[in-house]
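A structural walkthrough
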Amino acid sequence: MTKRTTRLLTVLAVILCWTAGLSFLAMRSHRAAALTARDDLETCQLLVEKIQTLSRRPSLALERERHAAETSGLIERAAGAAGLPPGGLLRITPEPPQRLEDTVYKEKPIRLVIKKAQLQQLTQFMCQLSAGDQGLQTRSLRLRAAQQQDGAVETWDAEIVVAYLIYDPPHVGPVEK
């Protein structure tokens, strides 16, 4: 081989190595960008699922406090749908709304007393209350075994507190200077 051919091959080898190095650096950069894009896509998909889940839920809060008759009607319909025994829903006692910490929401609790219901009926009752647009959520449940007669189906007495949210921003008076 001549000197000129050796030089050309050396220059060609250097150019090939330099091109391979630049290609490797570009590939690494594009791979990092692709991994970031994949992570962003996964995050977006999770956010879409969360938005869809939240949009299917009933509204978070009512703009006003319900009338007692309206709330009682919702509760009595849920009791009927759950198959609670007649007269089993003894008491519906609305309590005063309470502000939730430093938020613009108040929670309106309602205390329910139920006698001699089966666990399945109580479960269906609470599911009926929280389903749909009622916005009622079970906050607490106290169960006590009811007096049983021999051979009778096991029944329970329950005290349930359900509540719904009311959007009620605090009223701020004019600012004094």
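Everything below is about the structure shown above.
Summarised in this report is the structure supplied together with it. (Residues numbered from 1 in each chain as written. Predicted model: local features only at pLDDT ≥ 70, side-chain atom pairs only at ≥ 80, totals over all residues. Heavy atoms only, no water.)

**Some words on helix α3 (residues 119-130)**
- With 12 residues, α3 extends 17 Å between its outermost C-alpha atoms, agreeing within 8% with the 16 Å of an ideal straight helix rising 1.5 Å per residue.
- Buried positions along α3 lie against α2 (68-82), β3 (105-117), β4 (137-145) and β5 (156-167). (Helix = DSSP H or I, 4+ residues; strand = E, 2+ residues; numbered from the N terminus. Expected span 1.5 Å × (residues − 1). Contact = heavy atoms within 4.5 Å.)

**Comments concerning the packing of aromatic side chains**
- With the rule as written, the count across this model stands at 1 aromatic pair.
- Summarising the aromatic geometry, the rings of Y105 and Y167 are spaced 5.9 Å apart at their centres and angled 65° between planes, so their arrangement reads as edge-to-face. Here Y105 is found in strand β3, whereas its partner Y167 is found in strand β5, with 62 residues between them in sequence.
- Accessibility expressed as a relative area gives 24% for Y105, which makes it partly exposed. (Phe/Tyr/Trp six-rings, centres within 6.5 Å; stacked < 30°, edge-to-face > 60°. Buried < 20%, exposed > 50% of the residue type's maximum accessible area, 1.4 Å probe, protein only.)

**A few points about the nonpolar core**
- Counting residues in hydrophobic clusters, the biggest one holds 21 residues, and the most contacted among them are I75, L112, I114, L122, F125, L129 and I160.
- Sorting the residues of this core by element identifies α2, β3, α3 and β5 as the ones contributing at least two each.
- Considering every element that reaches this core, the biggest residue donor is β5, with 6 residues.
- In this structure L112 touches I75, L89, R91, I92, F125, L129, A158, E159, I160 and V162, once residues within four positions along its chain are discounted. (Core = buried A, V, L, I, M, F, W, Y, C linked by side-chain atoms within 4.5 Å.)

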